[in-house]
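# A structural walkthrough
Listed here are the chains, written in short residue letters.
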Amino acid sequence: MNDSTLDRHARSRLALQQRRGLLRELRQTSREECAAVIDNGTRLLSFTCNDYLGLSHHPEVIAASVAATQRFGAGAGASRLVTGNHPLYRSLEQALIELKGTDDAVVFGSGYLASLGALSTLAAAPDLILLDELCHSCLFAGAALSAAKVLSYRHNDMQHLTSLLGQQRGGHRHCLIVTEGVFSMDGDRAPLPALAETARQHDAWLVTDDAHALGVIGGGRGSGFAHDRPVAVDVQIGTLSKAAGSYGGYVCGSRPVADLLRNRARSLVYSTGLPPGAVAAAIAGLRIIASDPQRVAIPLQHARTFTAALQMPAAQSAIVALPMGTPEGALRASHRLRDQGFLVVAIRPPTVPAGTSRLRVTFSAAHSQAQVLQLAAAVRALDEQGPPAAIATDNGHTDRARSPRADTSP
Ligand SMILES: *Cc1c(COP(=O)(O)O)cnc(C)c1O
């Protein structure tokens, strides 16, 4: 028995996770087609992945990836600032510039790395970062890296944001207001026009993470394009790993912002460039997003078919959350659906605040309407068997000054 102090430390923390019902395990999943997965040996219909348009399995996307791998190799070999900036990067950034209508774009290794790099580069010690409390872990992590003062405002609560700005803005040099365009675990949208107006009034910069909006909302161009006029978002962060069907992240904005990130964002400068195949696949994915509005419209249509069938408020995105309260209740509901052939994962703390464990259902152009209605019937049957758990009883306190997502507890 060589039970080192390190192993003992790891084991005791895992035991704590287990007691809280929060232990996670990596399940072996092969996605044969977009919506069909083999999960630990069982074939299931998946309503759980973020491949909203089914592009990860699209023949043109796959062909582009294969051709680029053959031409440029399997790996980039170095950081983009050294020798990793293969010629496909320029085309990908050009495609993003055209889709987003910005002056420039910078592609990062992932969405997570893009958020880390952007926030930690754009803000520093005398600055203020105000984040929606439900922002993704990578935004809180990027804010923490920046050494700016970081506060969170209540979810989509303009009054709370305005009051924090009133108290805090004067004492700081620059201010960033950070939100997701579509919230990843709830599926609702941020009030972007109001946020942009508030940012203007308080001389703040608006930053969005559009991971779940690209390819789905605003004709595929993202949450800033879902209103009468494009919303003035200063910095648009996003991922190429969801609707675009590939891998990687991006920041779209002005030329000086992009040049600054290329010079100073450590998650770009000190990390290897993306594999050429991933860049080529993202270019092909974006081309389909820009040219196939019918495909782009399907995920939201499916989500609204589902919410109508369950008499829920109309979905605002391709994500629908079904609240279950406790982690155990969410797991039980997920297992019941699995018994009927559906894969819908349970989402538990720290991904969501304590007391709000849920099933998170995501819809894709790879689903048929009949499959969407089958899932709705199975979810309705969960209720008839008795509620899986009390709905959203808050059994834990969320410290709003810190991220509910950033798992920083010892
Ligand atoms: C998935 C996700 C990310 C991370 O993107 P990756 O490319 O997977 O690293 C960032 N922000 C939000 C809101 C996300 O949902």
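Residues numbered from 1 in each chain as written. Predicted model: local features only at pLDDT ≥ 70, side-chain atom pairs only at ≥ 80, totals over all residues. Heavy atoms only, no water.

## A short note on helix H1 (residues 5-19)
The first and last C-alpha atoms of H1 sit 21 Å apart over 15 residues, in line with the 21 Å expected at 1.5 Å per residue. Positive backbone phi, at 75°, marks Gly-21, one or two positions downstream of H1. (Helix = DSSP H or I, 4+ residues; strand = E, 2+ residues; numbered from the N terminus. Expected span 1.5 Å × (residues − 1).)

## Here we look at the side chain of Ser-137
Note that Ser-137 resides in helix H5 (residues 137-146). Its relative accessible area of 18% is what places Ser-137 among the buried residues. Reaching out from Ser-137, the side chain makes a polar contact with the side chain of Tyr-112 at a distance of 3.0 Å. (Buried < 20%, exposed > 50% of the residue type's maximum accessible area, 1.4 Å probe, protein only. Polar contact = N/O pair within 3.5 Å; in protein donor to acceptor, adjacent residues only side chain to side chain.)

## Looking at the site of the ligand
Every one of the 14 residues lining the ligand counts as a neighbour, but Gly-111, Asp-209, His-212, Thr-239 and Lys-242 are closest to it. Between the ligand and Asp-209, the relevant distance is 2.5 Å, taken from a nitrogen atom to a side-chain nitrogen or oxygen of the residue. Surface burial for the ligand is 86%, taken as the share of its 380 Å² of free accessible area covered by protein chains. (Near = heavy atom within 4 Å. Areas by Shrake-Rupley, 256 points an atom, 1.4 Å probe, with all protein chains shown as cover.)

## Side note on helix H3 (residues 88-100)
Helix length check: H3, at 13 residues, gives a terminal C-alpha distance of 19 Å against a target of 18 Å (1.5 Å per residue), a fit within 8%. Among the residues of H3, Leu-88, Tyr-89, Leu-92, Glu-93, Ala-95, Leu-96, Ile-97, Leu-99 and Lys-100 are the ones counted as buried. Check the buried side of H3 and you find it contacts helix H2 (59-72), strand E4 (104-108), strand E9 (235-239), strand E10 (249-253), helix H8 (255-264) and helix H10 (276-291). Following H3 by one or two positions, Gly-101 adopts a phi angle in the positive range, close to 65°. (Contact = heavy atoms within 4.5 Å.)

## What about the packing of aromatic side chains?
Describing an aromatic ring pair means giving the distance of the ring centres and the angle of the ring planes. The tally for this structure, following the rule as stated, stands at 3 aromatic pairs. Geometrically, the ring pair formed by Phe-47 and Phe-342 is tilted, given 6.2 Å between the ring centres and 50° between the ring planes. Pair noted here: Phe-47 is in the loop between strand E3 (42-46) and H2 and Phe-342 is in strand E12 (residues 342-343), with a separation of 295 residues, a long-range link. Judged by relative accessible area, Phe-47 falls into the buried class, the value being 0%. Measuring from ring centre to ring centre gives 5.7 Å for Phe-47 and Phe-363, while their planes differ by 65°; the resulting arrangement is edge-to-face. Placement of the pair is Phe-47 in the loop between E3 and H2 and Phe-363 in the loop between strand E14 (357-362) and helix H13 (369-384), with a sequence separation of 316 residues. Joined through ring pairs, the aromatic side chains of Phe-47, Phe-306, Phe-342 and Phe-363 make up one cluster. One cation-aromatic arrangement involves Arg-80 over Tyr-89; the distance from NZ or CZ to the ring centre is 3.8 Å. (Phe/Tyr/Trp six-rings, centres within 6.5 Å; stacked < 30°, edge-to-face > 60°. Lys NZ or Arg CZ within 6 Å of the ring centre and 35° of its normal.)

## Brief notes about the sheet that holds strand E13 (residues 346-347)
Ordered in space as E11-E14-E13, the 3 strands form an open sheet in which the pairing is antiparallel. At either end of the open sheet lies a strand with only one pairing partner, and these are strand E11 (319-325) and E13. Across 6 bridges, the pairing between E11 and E14 is antiparallel. Considered in E14, the bridge of Ile-319 is made with Thr-362. Contacts from helix H12 (residues 327-339) reach E11, E13 and E14, with the element oriented near 35° to E14. (Pairing = 2+ DSSP bridges. Axes fitted to C-alpha atoms, helices over the stretch in contact; angles between N-to-C directions.)

## Structural notes on the confidence of the model for the protein chain
Residues with a pLDDT of 70 or more make up 93% of the protein chain, whose mean pLDDT is 91. Overall, residues 387-410 carries pLDDT values under 50, and its contacts beyond four positions in sequence, including any with other chains, amount to 49 contacts. (pLDDT = per-residue confidence, 0-100.)

## Let's talk about the pattern of salt bridges
The tally for this structure, following the rule as stated, stands at 14 salt bridges. Close ionic contact of Arg-80 with Glu-93 constitutes a salt bridge, the shortest N to O distance being 2.8 Å. Placement of Arg-80 in the loop between H2 and H3 and of Glu-93 in helix H3 is noted, with a sequence separation of 13 residues between them. As far as burial versus exposure is concerned, Arg-80 and Glu-93 are alike and both buried. The partner of Arg-200 in a salt bridge is Glu-197, with the nearest N and O atoms 2.8 Å apart. In this pair, Arg-200 and Glu-197 are both assigned in helix H7 (residues 192-201), 3 residues apart and thus about one turn of the helix distant. Where salt bridges share partners, they join Arg-80, Arg-90, Glu-93, Asp-104, Arg-255, Asp-259 and Arg-262 into one cluster. (Salt bridge = Lys/Arg side-chain N within 4 Å of Asp/Glu carboxyl O.)

## Things to note about the sheet that holds E12
Strand order in the open sheet formed by 4 strands is E1-E2-E3-E12, with mixed pairing between adjacent strands. Edge positions in the sheet fall to strand E1 (29-31) and E12, since each has one partner strand and no second. Sheet topology places E3 next to E12; 2 bridges connect them, and they run parallel. Pairing of Ser-46 across the sheet is with Leu-343, part of E12.

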